[in-house]
Amino acid sequence: MMTQRIFGISGWKNSGKTGLAVRLVAEFTRRGYRISTIKHAHHDFDIDKVGADSFRHREAGAHEVTIVSGTRFAIMHELRGEPEPSFEDILARIAPCDLVLIEGYKREPVPKIEARRLESANREPLAPNDPHIVAIAADHAVEGSTIPVFDLDDTNMIADFIAEKVGLLAK
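Here goes a summary of the coordinates provided. (Residues numbered from 1 in each chain as written. Predicted model: local features only at pLDDT ≥ 70, side-chain atom pairs only at ≥ 80, totals over all residues. Heavy atoms only, no water.)

### Some details on the pairing of strand β1 (residues 6–10)
The element β1 is largely enclosed, with a buried count of 5 among its 5 residues. By the alternation rule, side chains of β1 split into I6, G8 and S10 and F7 and I9, which are all buried. Relative to strand β5 (residues 99–103), β1 is paired through 4 bridges, and the arrangement is parallel. From the neighbouring strand, I9 faces β5, where its bridge partner is E103. Bridging between β1 and strand β6 (residues 112–116) involves 3 bridges; their strand directions are parallel. Among the inter-strand pairings, G8 is bridged to a residue of β6, identified as K112. (Buried < 20%, exposed > 50% of the residue type's maximum accessible area, 1.4 Å probe, protein only. Helix = DSSP H or I, 4+ residues; strand = E, 2+ residues; numbered from the N terminus. Pairing = 2+ DSSP bridges.)

### A short note on the nonpolar core
The nonpolar side chains of soluble globular proteins are, as a tendency, buried together. Among the nonpolar cores identified, the biggest contains 24 residues, and F7, L24, F28, L99 and I113 are the most heavily contacted of them. Taken together, the elements giving at least two residues each to this core come down to β1, α1 (17–30), β5, β6, β7 (133–138) and α4 (155–166). Looking at this core, the element that brings in the most residues is α4, giving 6 residues. Apart from the residues within four sequence positions on either side, L24 is in contact with I9, L101, T155, I158, A159 and I162. (Core = buried A, V, L, I, M, F, W, Y, C linked by side-chain atoms within 4.5 Å. Contact = heavy atoms within 4.5 Å.)

### Overview of α4
Along an α-helix, residues three or four positions apart point the same way, because every turn accommodates 3.6 residues. Given a rise of 1.5 Å per residue, 12 residues ought to cover 16 Å, and the 16 Å separating the end C-alpha atoms of α4 matches this to within 8%. Tucked into the core, α4 has its buried residues touching β1, α1, β5, β6, β7 and β8 (149–151). (Expected span 1.5 Å × (residues − 1).)

### Comments concerning the pairing of β7
Burial of β7 is extensive: 6 of the 6 residues sit out of reach of the surface. With 5 bridges joining them, β6 and β7 adopt parallel strand pairing. What sits directly across from E114, in β7, is I136. The pairing of β7 with β8 spans 3 bridges and is parallel. Of the residues in β8, the one forming a bridge with I136 is V149.

### Some points on the sheet that holds β8
Ordered in space as β2-β5-β1-β6-β7-β8, the 6 strands form an open sheet in which the pairing is parallel. Sheet topology places β2 (35–39) and β8 at the edges, where each strand pairs with a single neighbour. Averaged over all adjacent pairs, the angle separating strand axes in this sheet is 25°, with direction ignored. Set on the sheet, α1 makes contact with β1, β2, β5, β6 and β7; between it and β5 the angle comes to about 170°. In this fold α4 packs onto β1, β5, β6, β7 and β8, with an angle of close to 135° to the strand it touches most, β1. (Axes fitted to C-alpha atoms, helices over the stretch in contact; angles between N-to-C directions.)

### A short note on unusual backbone geometry
In the Ramachandran plot, N14 falls in the positive-phi region, its phi being about 65° despite a non-glycine side chain. If you trace the backbone, N14 turns up in the loop between β1 and α1. Under the relative-accessibility criterion, N14 is labelled partly exposed at 41%. Residues other than glycine seldom take positive phi values, yet Y105 does so here, at roughly 45°. Considering the arrangement of structural elements, one finds Y105 in the loop between β5 and β6. Residue classification places Y105 among the buried positions, given a relative accessible area of 13%.

This is the structure:
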């Protein structure tokens, strides 16, 4: 059973999800909270440089490659044909924190804010078809919404809303 506080940011490509996520991480951190993030990518990605030792370990067939230094560590897990891990599997790997912000994972049953921008690749609203979207953050007027609508750039108000929604106590 999920006991972590989780809140999602959904939206189409170029809707402002990443910018909002980054601003929210900075704001919650400024408020004294420990925040973790999970970002879902719909494409192959790599965080390793071609030719680096860790890249060479992975290319040689390592199942997991861990890079450790005095400032950070990263674990890359190669699926090697296995199915993508479930959201719950990834969540189980996250260290304890005050809030996990997720970007993407449109279909997960967690409370979410929908980011909308006029420049989005797709402007079809997600909220009417997703009961887990509890608010909208947009760079334009949104008419007829039955859920709260925030200015996409009003990070403080959005952070306050999320804190109340997930039960984050004031620090």
